Amino acid sequence: MLCRLTIRDFVLVDRLELEFQGGFGTLTGETGAGKSILVDALAFALGERADANLVRTGGERAEVTAEFALDSSPAADWLREHDLDSDGSLLLRRLVDANGRSRAYLNGSPVTLQQLREVAEWLVDIHGQHAHQSLLRSDAQRALLDAHGRLDPLLAQVNAAWRHWREAKARLDAATDGIEALAVEREQLTWQVRELETLGFSRDEWLALNDQHRRLAHAASLVEGAQFALQVLAEGDAACEAQVATVANRLEGLAEYDPALSEVASLLQSAQAELAEAISALRRYASRVDLDPRRLTELEQRIEAVLDCSRKFRCTPDELPSFLAGCQERLAVLGEAADLAGLAERVAAAGDQYGQLARSLSAGRTQVATALGREVSLVMQQLALGGGRFEVGLIPVAGGSACGLEQIEFRIAGLAGNESRPLAKVASGGELSRISLAIQVVTSQAACVPTLVFDEVDVGIGGGVAEVVGRLLRELGAERQVLCVTHLPQVAARANWQWLVSKGSDAGQVRSRVAIIEGEARVEEIARMLGGVQMTTITRQHAREMLGLP
């Protein structure tokens, strides 16, 4: 159940905090006062589209926070599955700043918009004031029927199976239509793969080839350099090693007369040791350097073969391995495409899978359609649509579609003849509003969400029918929390509680305000709804009678 709604800088609302009760409640007020803005704020918090226009003029960002009591709601299970702490309540917070960027939080943890919408499905069901218009669309009718029958998961499976089937058919058609072109491409790829596999080339080999080639190509210079270094350091008449040793010995003898020379002698001895290691390393290196013209020729031939391939396939040597992998992958695809019998088997299997799922969906829709037609027809009788009968038609679609084997069509019989006809061709504006309300009442009763919001769904309804609407909503409020934005006094008078929404000017800016009304204040509001601007004793007495007050 929705317990609290806090709104800041949202459209006309600067700062507002509302505490909700259970049962059936209404929001009333003059047209344009901002009643629907409160519903829009709740819808925004639950994941509806956000943009910078929602930020109140002069504000930096709009913020809406909604607090829900969960009890044993499926939303509590959803929170546990997603490791979001819950102590029996849910704090849902959403912001949008002046540049249109929005953020969402659940119990203080940031979440994605998709996660926000997932949990919102278990919290609130909002019926907009234009719902009766959407009922004229076939896709909206199908969505309502599937949602009412909990068939959406099965519909998702049907949709996935349909896509898989269509993709398999597309591959078969492409293979059949372009078999000659595919054969040419396959022949070319086979030649390329054979040549590259024969080359047997890898990136690591390319690095090694270049290292070896550099060494062998400059082997003479390397040997000459090593010998020169050895001559200077150890083997010449004025070799460094011997001179450093002489100096170190001389200073070590003089250190007996002046200890200050001991440190210098020690450093020279260390240098002598490191010099000896360097000379030893140079001798080992000089013995390993190989002047091998034959091996150099082999390396140059191998490098030239790699470069020839890279030029032929228009890529760098480093890219040859990935080019080979791409050719092999494409060749495997073409090999599969060439297997027309195998592709046909896959198409048949995918078609069978789709058919099984689609038939299950059709069976579920048939069952739900029968029950929905019967229940909506009963409510229609209470809404001055006596003799009217609501039906859900399932029209077969040749070959099926991503949405199943049939289209959904809402039909009405008994209003313009006994023959069942599409809703759009039978119902007038007022009748359509009442039929829409009947559908919403029935589908809401079957829903598992604890809070239902009706935003002026009673438009086009009046008189005795309005009293029935108020009674139906109050009955619904005995089981759920129901919030209704209405202009009908007959509906408002049936509510367990009532809020008055008003609009005023503050410091040159228009702002909406909400106040709980009870007692005489509620009588005055019901009288205003009955009589307009000028209220009389009679309208006030009528309002008291509607509220059951003496």
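Note that this is a predicted model, so its numbers are computed, not measured.

Parameters at a glance
- Residues numbered from 1 in each chain as written.
- Predicted model: local features only at pLDDT ≥ 70, side-chain atom pairs only at ≥ 80, totals over all residues.
- Heavy atoms only, no water.
- Pairing = 2+ DSSP bridges.
- Helix = DSSP H or I, 4+ residues; strand = E, 2+ residues; numbered from the N terminus.
- Axes fitted to C-alpha atoms, helices over the stretch in contact; angles between N-to-C directions.
- Contact = heavy atoms within 4.5 Å.
- Expected span 1.5 Å × (residues − 1).
- Buried < 20%, exposed > 50% of the residue type's maximum accessible area, 1.4 Å probe, protein only.
- Arc of directions from axis to C-beta.
- Polar contact = N/O pair within 3.5 Å; in protein donor to acceptor, adjacent residues only side chain to side chain.
- Phe/Tyr/Trp six-rings, centres within 6.5 Å; stacked < 30°, edge-to-face > 60°.
- 1 Å grid on protein atoms, 1.4 Å probe; cavity = no way out; pocket = protein on both sides within 12 Å on 5 of 7 lines; lining within 4 Å.
- Points joined across faces, edges and corners; volume = space filled by probe spheres on them.
- Nonpolar A, V, L, I, M, F, W, Y, C, P; charged D, E, K, R; others polar.

A closer look at the sheet that holds strand 5 (residues 89-97)
- Taken in spatial order, the six strands make up an open sheet running 2-1-4-5-6-7, and their pairing is antiparallel. Strands with a single pairing partner mark the edges of an open sheet, and in this sheet they are strand 2 (13-19) and strand 7 (109-111). Each strand of the sheet is rotated relative to its neighbour by a mean of 15°, with strand direction disregarded.
- Looking at chain direction, strand 1 (residues 2-10) and strand 2 are connected through six bridges and run antiparallel. Pairing of Arg 8 across the sheet is with Arg 15, part of strand 2.
- Packing of helix 1 (residues 35-45) onto the sheet brings it into contact with strand 1, strand 2, strand 4 (61-69) and strand 5, and relative to strand 1 it is tilted by some 100°.

Thoughts on helix 10 (residues 240-254)
- Helix length check: helix 10 (15 residues) gives 21 Å between terminal C-alpha atoms against 21 Å at 1.5 Å per residue, within 8%.
- Regarding helix 10, the residues found buried are Ala 245, Ala 248 and Leu 251. Each buried residue of helix 10 sits inside an arc of 135° when the element is viewed along its axis, so together they form one side. Exposed residues pointing more than 90 degrees away from the buried face of helix 10 are listed as Thr 246, Asn 249 and Arg 250.

Some words on helix 2 (residues 74-81)
- Taken residue by residue, helix 2 has Ala 75, Ala 76, Trp 78 and Leu 79 as its buried positions. For helix 2, the buried positions fall inside an angular range of 160° around the axis, keeping them on one side. Relative to its buried face, helix 2 has exposed residues pointing more than 90 degrees away, namely Arg 80 and Glu 81.
- Looking one or two places after helix 2, you find Asp 83, whose phi comes out positive at around 55°.

Concerning the side chain of Arg 544
- Looking at the element boundaries, Arg 544 is found in helix 20 (residues 537-547).
- By relative accessible area, which is 19% here, Arg 544 ends up buried.
- One polar contact links Arg 544 to Glu 520, side chain to side chain, over a distance of 2.6 Å.
- What Arg 544 contacts, discounting residues up to four positions off in sequence, is Glu 520, Val 523, Leu 549 and Pro 550.

Thoughts on the side chain of Gln 498
- Along the chain, Gln 498 turns up in strand 14 (residues 497-506).
- Look past the residues within four positions of Gln 498 in its chain and what remains in contact with it is Thr 26, Thr 28, Ala 492, Ala 515, Ile 516, Ile 517, Arg 522, Glu 525, Ile 526 and Met 529.

Overview of the packing of aromatic side chains
- Considering all chains together, one arrives at 10 aromatic pairs under this definition.
- Ring geometry for Phe 20 against Trp 499: centres 4.8 Å apart, planes inclined by 55°, an arrangement best described as tilted. Pair noted here: Phe 20 is in the loop between strand 2 and strand 3 (24-28) and Trp 499 is in strand 14, with a separation of 479 residues, a long-range link.
- According to the relative accessible area criterion, Phe 20 is buried, its value standing at 11%.
- The class for Trp 499 is buried, based on a relative accessible area of 2%.
- Between Trp 165 and Tyr 354, the ring centres sit 5.3 Å apart and the planes meet at 25°, which makes this aromatic pair stacked.

Quick look at the environment of Leu 70
- When you line up the elements, Leu 70 lands in the loop between strand 4 and helix 2.
- Separated by 68 residues in the primary sequence, Leu 70 and Leu 2 have C-alpha atoms spaced 8.9 Å apart.

Some words on the layout of surface pockets
- Quantified by volume, the second largest pocket comes out at close to 180 Å³.
- Lining the second largest pocket we find Glu 467, Gln 490, Ala 493, Arg 494, Leu 530, His 542 and Met 546.
- Here the lining of the second largest pocket is built from residues that sort into three nonpolar, two polar and two charged.

Considering the pairing of strand 6 (residues 102-106)
- Judged from the five bridges that link them, strand 5 and strand 6 form a sheet pairing that is antiparallel. Bridge assignment links Arg 94 to a residue of strand 6, and that residue is Ala 104.
- Counting the residues that bridge the hairpin from strand 5 to strand 6 gives four residues, and of these Gly 100 lies at a positive phi of roughly 95°.
- If you look at the hairpin formed by strand 6 and strand 7, you'll find two residues sitting between the two strands, and Asn 107 has a positive phi there, around 50°.

Some remarks on the environment of Ala 66
- Within the secondary structure, Ala 66 sits in strand 4.
- Counting along the chain gives 25 residues from Ala 66 to Ala 41, while the straight-line C-alpha distance between them is 9.6 Å.
- In this structure, Ala 66 is in contact with Leu 2, Arg 4, Leu 5, Leu 42, Leu 90, Leu 91 and Leu 92, ignoring residues within four places of it in sequence.

Some remarks on empty space enclosed by the protein
- Applying the stated criterion across every chain yields a total of two cavities of 30 Å³ or more.
- When its volume is computed, the largest cavity comes out at roughly 50 Å³.
- For the lining of the largest cavity, the leading source of residues is helix 1, giving three residues.
- A class-by-class count of the residues in the lining of the largest cavity yields nine nonpolar, no polar and no charged.
- Approximately 40 Å³ is the volume attributed to the second largest cavity.
- Contributing to the lining of the second largest cavity are Leu 196, Leu 199, Phe 201, Leu 320, Pro 321 and Leu 324.
- Elements supplying a minimum of two residues to the lining of the second largest cavity: helix 7 (179-199) and helix 13 (320-338).

All quantities given are derived from atomic positions and should not be read as evidence of function.
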